[in-house]
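Examining the three-dimensional arrangement
So the chains spell out like this:
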Amino acid sequence: MTNITVDTILDRSLLGFNISPSEAVVLLKQTDPQALNSIRVTADQLRHKQAGETVTYVINRNINFTNICEQHCSFCAFRRDDGDTDAYWLNWAQILEKSTDAVGRGATEICMQGGLHPQAQINGKSLPYYLKLVETIKQEFPQLHLHAFSPQEVQFIARLDGISYTEVITALRDAGVGSMPGTAAEVLDDEVRRVLCPEKIDTATWLEIVSTAHKLGVPTTSTMLSGHIETPEQQIGHLEKLRSLQQKAIEQGYPAKITEFIVLPFVGQEAPKSLRRRVGRDQPVLADALLLTAVARIFLGNVIPNHQPSWVKLGLAGATEALTWGCNDIGGTLMEEHITTMAGAIGGTCMEVETLQSAIASLNRPYQQRNTLYQGVG
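Quick notes on the rules
- Residues numbered from 1 in each chain as written.
- Predicted model: local features only at pLDDT ≥ 70, side-chain atom pairs only at ≥ 80, totals over all residues.
- Heavy atoms only, no water.
- Helix = DSSP H or I, 4+ residues; strand = E, 2+ residues; numbered from the N terminus.
- Rg over C-alpha atoms; globule rule 2.2 N^0.38 Å.
- Buried < 20%, exposed > 50% of the residue type's maximum accessible area, 1.4 Å probe, protein only.
- Contact = heavy atoms within 4.5 Å.
- Areas by Shrake-Rupley, 256 points an atom, 1.4 Å probe, with all protein chains shown as cover.
- Lys, Arg positive; Asp, Glu negative; His and termini not counted.
- Charge placed at Lys NZ, Arg CZ, Asp CG, Glu CD.

So, about the overall build of the protein chain. For the protein chain, the helix and strand inventory stands at 14 helices and ten strands. A globule of 378 residues ought to have a C-alpha radius of gyration of about 21 Å, and the protein chain, at 20 Å, matches this closely. Reported as C-alpha extents along the three principal axes, the dimensions of the protein chain are approximately 65 × 45 × 40 Å. Every one of the 378 residues in the protein chain was classed for burial, and the buried ones make up 58%. Long-range pairs, those at least 24 residues apart, make up 76% of the contacts in the protein chain with a sequence separation of at least 6. Per element, the accessible surface of the protein chain, about 14,700 Å² overall, is 51% carbon and sulfur. Computed over 32 positive and 41 negative side-chain charges, the inter-centroid distance for the protein chain is 2 Å.

So this is what it looks like as structure tokens:
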């Protein structure tokens, strides 16, 4: 592909048009430094136009309430079987203690996800257990926003209890869940999922559950686990599904939609050996993650204006660089993050607010604390 094609695509995107999937694939396959720089500059200009100059962050805490999981995703170093020496399952007091600590440190959000633990039930039902997780926190701290339970967890509860996704999401929403993490998406391509996470929900189910959340007034985020076995075409197919899903929420006038998109580069250091061998490296390739970040901004920015890198996966320097490749948000403080760290990530598990602010200031961009739904705080 000549540079003229790249320039034509980028010029169209700067005029406010949505680029096509095939055009996005052309951008993702560029290796020429000049073309890559043009893509970066375009993504940065679109970020400025769609999200402004200010870089936002959220003060939040992660609570991974158990690592016991019935599934065996090929990339996961977090899961354990019940009875393993390092398996854990937090009790109500521990959940409350972590929430209290988070509030003491200024958190506005608790992000809660865990393994799919078949014993996590009350009176033989799964949903009451999850509702109690929510209520344990919300009774004590009604002001906290609970960003909790992925589409995979919703499907797990619905399957175990024999109820609909609508019933599960409505009950969680009414108990106090404020938004749903768009995790478990990995790559929304069933060929990839068969290798990566054969027991997980398929693409159609993920999209159905997220769309149902939007209909029921529960905002979601969106993610992509990238840089393992997927092709550029499959990456863009994933972005195309997200864009269509968001356009549907907007066109149908649903009360909620996707609030942000996050690239999650694959960390293979502690991943199961078969996938590690296939991928052939332990840490993400920063250049690949940055190009995908830029193309995601160009492809999604008209309908999903907030883009965030993962400092846990890329390290703070990499995440800061991503702010010049189309991102307008640097994510959260997290305070405690096990899933990626157990995979061997270098980014650490906690970020002080001042550290995030300094990283943003190093780019001469203003910073602003936000809440989960991208409203300014303070």
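Moving on, we come to helix α6 (residues 151-161). Most of α6 sits inside the fold, with nine of its eleven residues counted as buried. Of all the residues in α6, the buried ones are Pro151, Gln152, Glu153, Val154, Gln155, Phe156, Ile157, Ala158 and Asp161. For α6, the elements touching its buried residues are β3 (109-113), α5 (126-140), α7 (165-175) and α9 (203-215). Downstream of α6 by one or two residues, Gly162 has phi in the positive range, about 65°.

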